[in-house]
Amino acid sequence: MDSQLLLEIYKKQARMIYFYLKKNGCSHEDAEDIVQESYMKYIAYSSGVPSDKALAYIFAISMNEFKKMLRKKGKEQAISIDDDHFWNKFTNNQDTESSVLSLEMNHEIAHTLERIQEVYKQLLLLKYELDLSYKEIALLLGMKEETVRTYLFRARKEFQKKWRDLHE
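One structure accompanies this document, and this report is about it. Because the structure is a prediction, the values reported are computed rather than measured. (Residues numbered from 1 in each chain as written. Predicted model: local features only at pLDDT ≥ 70, side-chain atom pairs only at ≥ 80, totals over all residues. Heavy atoms only, no water.)

### Observations concerning the overall build of the protein
If you tally the helices and strands in the protein, you get eight helices and zero strands. When the helices and strands of the protein are listed from N to C terminus, the series reads α-α-α-α-α-α-α-α. In the protein, which comprises 168 residues, the share counted as buried stands at 38%. Within the protein, contacts between residues separated by at least 24 positions form 66% of all contacts whose residues are at least 6 apart in sequence. In the structure as shown, the protein presents an accessible area of about 10500 Å², 51% of it carried by carbon and sulfur atoms. (Helix = DSSP H or I, 4+ residues; strand = E, 2+ residues; numbered from the N terminus. Buried < 20%, exposed > 50% of the residue type's maximum accessible area, 1.4 Å probe, protein only. Contact = heavy atoms within 4.5 Å. Areas by Shrake-Rupley, 256 points an atom, 1.4 Å probe, with all protein chains shown as cover.)

Next comes the structure, spelled out in structure tokens:
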């Protein structure tokens, strides 16, 4: 593969994978290491991967590396819904009660996400936390755009069901 093309892929897509890993509870250093390791593995094994599936292949490697790191460290995956820290919430114009309620809501959303299928969780985070389009998600995961739409519909339905179960 052309090294210039690989560099272009890296520049455009590495940040997306990095932020996705961060949203899944990965530390800054670990996320950077995982992205670099994923691209190194892609370079080593890229001869058997079609160029239109390169990003999906790299994303899959990143997810596998992240899961391997979690197992090695004996940690559970922690989804980050909101990057603002608790104390920063008190500095804005909201009152204390609404800040605490917002924080509790974020915990409930994370808890609900943990209870749904992994593929649905990934799709919901990519769509609603990273604000990716259906086309970008399809490219990232190596799926057809219509499949992404269908799976996101199912993911929203499953999330709603688990959310209702939690609040009944």
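### A short note on the nonpolar core
Considering soluble globular proteins, one finds that nonpolar side chains tend to be buried as a cluster. If you look at the biggest cluster of nonpolar residues, it comprises 39 residues, and the most contacted ones within it are Ile17, Leu21, Leu126, Ile137 and Leu140. In terms of residue count, the dominant contributor to this core is helix H3 (residues 54-73) (eight residues). What Ile17 contacts, discounting residues up to four positions off in sequence, is Val35, Tyr39, Leu55, Ile58, Phe59, Ser62 and Leu140. (Core = buried A, V, L, I, M, F, W, Y, C linked by side-chain atoms within 4.5 Å.)

### With respect to the pattern of salt bridges
Enumeration over the complete set of coordinates arrives at eight salt bridges. A salt bridge links Lys73 to Asp30; its shortest N-O distance comes to 2.6 Å. Pair noted here: Lys73 is in helix H3 and Asp30 is in helix H2 (residues 28-45), with a separation of 43 residues, a long-range link. For Arg149, the salt bridge identified is with Glu145, shortest N-O distance 3.3 Å. Placement of both Arg149 and Glu145 in helix H8 (residues 145-166) is noted, with a separation of four residues, approximately one turn of the helix. Residue Arg149 is classed as partly exposed on the basis of its relative accessible area of 34%. Here the salt bridges share partners, and the residues they tie into one network are Lys41, Glu65 and Lys68. (Salt bridge = Lys/Arg side-chain N within 4 Å of Asp/Glu carboxyl O.)

### Thoughts on the packing of aromatic side chains
On inspection of all chains with the given rule, the structure shows five aromatic pairs. Taking the centre distance of 5.3 Å and the plane angle of 55° together, the rings of Tyr20 and Phe59 count as tilted. Pair noted here: Tyr20 is in helix H1 (residues 3-23) and Phe59 is in helix H3, with a separation of 39 residues, a long-range link. In terms of burial, Tyr20 and Phe59 fall into one category: buried. Relative to Trp163, the ring of Phe159 has its centre 6.0 Å away and its plane inclined at 20°; by these criteria the two rings are stacked. (Phe/Tyr/Trp six-rings, centres within 6.5 Å; stacked < 30°, edge-to-face > 60°.)

### Quick word on H2
In a regular helix each residue adds 1.5 Å, so 18 residues correspond to 26 Å; H2 covers 26 Å between its end C-alpha atoms and thus fits that length. The set of residues buried in H2 consists of Asp30, Ala31, Ile34, Val35, Ser38, Tyr39 and Tyr42. What you see down the axis of H2 is that its buried residues fit within an arc of 165°, all on one side. The exposed residues of H2 that point more than 90 degrees off its buried face are Met40 and Ala44. (Expected span 1.5 Å × (residues − 1). Arc of directions from axis to C-beta.)

### A few points about the packing of H3 against helix H7 (residues 134-141)
One way to put it is that H3 packs onto H7 with a least axis distance of 5 Å and a crossing angle of 70°. By the angle between their axes, H3 is roughly perpendicular relative to H7. Together, Leu55, Ala56 and Phe59 of H3 and Leu139, Leu140 and Leu141 of H7 make up the contact between the two elements. When grouped by side-chain class, the residues that make up the contact of H3 with H7 number six nonpolar, no polar and no charged. (Axes fitted to C-alpha atoms, helices over the stretch in contact; angles between N-to-C directions. Parallel < 35°, antiparallel > 145°, perpendicular 65-115°, else oblique. Nonpolar A, V, L, I, M, F, W, Y, C, P; charged D, E, K, R; others polar.)

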